[in-house]
Amino acid sequence: MPGTDHDRARFLETGGATGTNREISHAVLKRTLLTMNNLALLTDPRLPGNPIVWVNDFFCAFTGYERREVLGRNCRFLQGDDRDQPGRHRLRAAVRAAEPCNVVLRNYKKDGTLFYNHLYLSPVVEGGAVVYFVGLQHDATDREHAVRLQRDREVHEAAERERERFGMDLHDGLGQELAGIAFFTGALCQRLAADGSAYAKDVRQLLEYIQSAQGAAWDLARGLSPVDASPHGLGDAIARLCRQVAEIHPEVVSRCDVEAFAFAEGREARYLFRIAQEAVNNAVKHAAASEISVSLHRSEGEVVLEIVDDGVGVPHHVLDADFSLTGSHSAEATAERTRHGMGLYGMRYRAELIGARLAIWPRESGGTVVRCVLPVDEA
């Protein structure tokens, strides 16, 4: 900055853009934009389609596109087929009105990787006309992922609490009502049998129907709220799952090896059970497994849930697909999940909600291994 008070005042009034300082300022600005660790671009609204006419080095390095692949294209190409975004409509309106705009968009790199683009777009006006739009873009993927994860966790927790409440109401309400009806029906059956009544047989059959409905109600209640809060809750639920497999599919050998321990948060046990349940169901229904083993152990600050089967395995293109929370939101990606991977998506989704690591891989001898590792506080 100039040394005298007069020079300092003049410098501040003009932003440093006096004489030689203007040239230095432009050169420094250009070099700064070119080398900054954020995406920067210029578009020219005077050309058809408002195409990109300049990008900095970081833009190319981050997106994977070379300059020749970017220049001359409207920046909407970064959205791919993921066009149904509120931010995109706000951006278009701001460009038409030649106004600054601050939006978050789902964009895609050249290799298809999703990233959340926090874009600040501003018009550059000369002589009363817009000659460029300058766009500064920041990778907000981690922030958006954290916000979405928290929001989804809250939604799932609300759904789980409602499911548990309904399960308890079903067990304590309808289940107990049926238990009372069964008790009085049984007593009536005994009196009719003692009197030699011909109706005793009919009432006994009625009692069997009531008891069957009572069992169904309690099974349904247990399915809605399968894991209780005790240290044995998750282990008991997994053991019950394995017994159900053996009862419904006697041709399948199911083994269970679980430890009992308490969780800091009940949702951790619930989500681990849902992951085990999904893996077991996939092994029985889709992989045609003849043997399934489920283990649950804790060691060195981790809880390890593992499900192993000897079925036909999971296709590689499904295993390699991106079913994470940050995966593509395009219609094609959603359809792919629906066709091939909703089970895998559900398991990875729940694991991510509790901060667990989920890995799925084929066994050398055939079948699939599903392992979920949850970090826990040893204290």
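Up top you'll find the structure we're talking about.
From a predicted model like this one, the values you see are computed outputs, not experimental measurements.

Asker: Please clarify how the packing of helix α8 (residues 233-248) against helix α9 (residues 266-285) should be interpreted in this entry.
Answerer: Helix-helix packing is characterised by the crossing angle of the two axes and by the distance between the axes. Here α8 crosses α9 at 15°, and the two axes come no closer than 10 Å. With respect to their mutual orientation, α8 and α9 come out roughly parallel. Both α8 and α9 take part in a crossing whose hand is right-handed. Here Leu234, Ala237, Ile238, Leu241 and Val245 of α8 come into contact with α9, specifically with Ala269, Leu272, Phe273, Ala276, Gln277, Val280 and Val284.

Asker: I tried to follow the environment of Gly235 on my own but got confused; where do I start?
Answerer: Note on placement: Gly235 falls in helix α8. Given a relative accessible area of 6%, Gly235 falls into the buried group. Remark: the alpha-carbon pair of Gly235 and Cys256, spanning 21 residues in sequence, is separated by 9.0 Å.

Asker: Please clarify how the sheet that holds strand β1 (residues 39-43) should be interpreted in this entry.
Answerer: Strands pair in a sheet through their backbones, by hydrogen bonds, and they do so in one of two ways: parallel or antiparallel. With antiparallel pairing, five strands are arranged side by side in an open sheet as β2-β1-β5-β4-β3. The strands lining the two open edges of the sheet, one partner per strand, are β2 (52-55) and β3 (101-108). Pairwise comparison of adjacent strand axes, ignoring direction, gives a mean angle of 30° for this sheet. Pairing of β1 with strand β5 (residues 129-139) involves five bridges; the strand directions are antiparallel. Looking across to β5, one finds that Ala40 is bridged to Leu136. The strands touched by helix α5 (residues 86-97) are β3, β4 (114-126) and β5; relative to β3, the strand with the most contacts, the crossing angle is about 130°.

Asker: Is there a simple way to explain the pattern of salt bridges in this structure?
Answerer: As enumerated under the stated definition, the model contains eight salt bridges in all. With a closest N to O distance of 3.0 Å, Glu302 and Arg357 form a salt bridge. Taken as a pair, Glu302 in strand β8 (residues 302-309) and Arg357 in strand β9 (residues 357-362) lie far apart in primary sequence, 55 residues in all. Look at Arg357 and you get partly exposed, because its relative accessible area is 46%. Note that Glu306 is salt-bridged to Arg371, the shortest N-O span being 2.5 Å. Here Glu306, found in strand β8, pairs with Arg371, found in strand β10 (residues 368-375); they are 65 residues apart in sequence, far enough to count as distant.

Asker: I would appreciate a short explanation of the pairing of β5 in the present structure.
Answerer: Side-chain positions along a regular strand alternate between the two faces of the sheet. Summarising the sheet, β4 and β5 pair through 10 bridges and their orientation is antiparallel. Each residue of the ladder has a partner; that of Asn117, found in β5, is Asp139. Hairpin connection of β4 to β5: two residues between the antiparallel strands, including Gly127 at a positive phi of 60°.

Asker: So what exactly am I meant to see when it comes to a positive patch on the surface here?
Answerer: Judged by side-chain charge, Arg76, Arg83, Arg92 and Arg96 come together as a positively charged surface patch. In this structure, Arg76 sits in the loop between α4 (67-70) and α5.

Asker: Can you walk me through the side chain of Arg106 in this structure?
Answerer: By the secondary structure assignment, Arg106 is in strand β3. Note on Arg106: relative accessible area 18%, which makes it buried. Polar side-chain contacts of Arg106 include one of 2.8 Å to the side chain of Asp82.

Asker: When you look at the nonpolar core in this model, what are you seeing that I'm missing?
Answerer: Where a protein is soluble and globular, its nonpolar side chains tend to be buried together. Counting residues in hydrophobic clusters, the biggest one holds 41 residues, and the most contacted among them are Leu234, Leu272, Ile292, Leu305 and Ile307. With 10 residues, the top contributor of residues to this core is α9. Look past the residues within four positions of Leu272 in its chain and what remains in contact with it is Leu234, Phe263, Val303, Leu305, Ile354, Cys372 and Leu374.

Asker: Even after reading the chapter, I still don't get α8, so can you show me in this structure?
Answerer: Helical geometry: 3.6 residues make up each α-helical turn, so side chains three or four residues apart lie on a common side. Along its 16 residues, α8 runs 22 Å from first to last C-alpha, staying within 8% of the 22 Å computed at 1.5 Å per residue. When α8 is considered as a whole, its buried residues turn out to be Gly233, Leu234, Gly235, Ala237, Ile238, Ala239, Arg240, Leu241, Cys242 and Val245.

Asker: Sorry if this is basic, but what is going on with α5 here?
Answerer: The terminal C-alpha atoms of α5, which comprises 12 residues, lie 17 Å apart, in line with the 16 Å expected from a rise of 1.5 Å per residue. Gly87, Arg88, Leu91 and Ala94 are the residues of α5 that are buried. For α5, the buried positions fall inside an angular range of 125° around the axis, keeping them on one side. Turned more than 90 degrees from where α5 packs its buried face, Pro86 and Arg96 sit exposed. Where the residues of α5 are buried, they touch β3 and β4. Count one or two residues on from α5 and you reach Ala98, which has phi positive near 55°.

Cut-offs and rules
- Residues numbered from 1 in each chain as written.
- Predicted model: local features only at pLDDT ≥ 70, side-chain atom pairs only at ≥ 80, totals over all residues.
- Heavy atoms only, no water.
- Axes fitted to C-alpha atoms, helices over the stretch in contact; angles between N-to-C directions.
- Helix = DSSP H or I, 4+ residues; strand = E, 2+ residues; numbered from the N terminus.
- Parallel < 35°, antiparallel > 145°, perpendicular 65-115°, else oblique.
- Left-handed = near helix turned anticlockwise from the far one by under 90°.
- Contact = heavy atoms within 4.5 Å.
- Buried < 20%, exposed > 50% of the residue type's maximum accessible area, 1.4 Å probe, protein only.
- Pairing = 2+ DSSP bridges.
- Salt bridge = Lys/Arg side-chain N within 4 Å of Asp/Glu carboxyl O.
- Patch = residues over 30% accessible without salt bridge, like charges linked within 9 Å, V, L, I, M, F, W, Y side chains within 5 Å.
- Areas by Shrake-Rupley, 256 points an atom, 1.4 Å probe, with all protein chains shown as cover.
- Lys, Arg positive; Asp, Glu negative; His and termini not counted.
- Charge placed at Lys NZ, Arg CZ, Asp CG, Glu CD.
- Polar contact = N/O pair within 3.5 Å; in protein donor to acceptor, adjacent residues only side chain to side chain.
- Core = buried A, V, L, I, M, F, W, Y, C linked by side-chain atoms within 4.5 Å.
- Expected span 1.5 Å × (residues − 1).
- Arc of directions from axis to C-beta.

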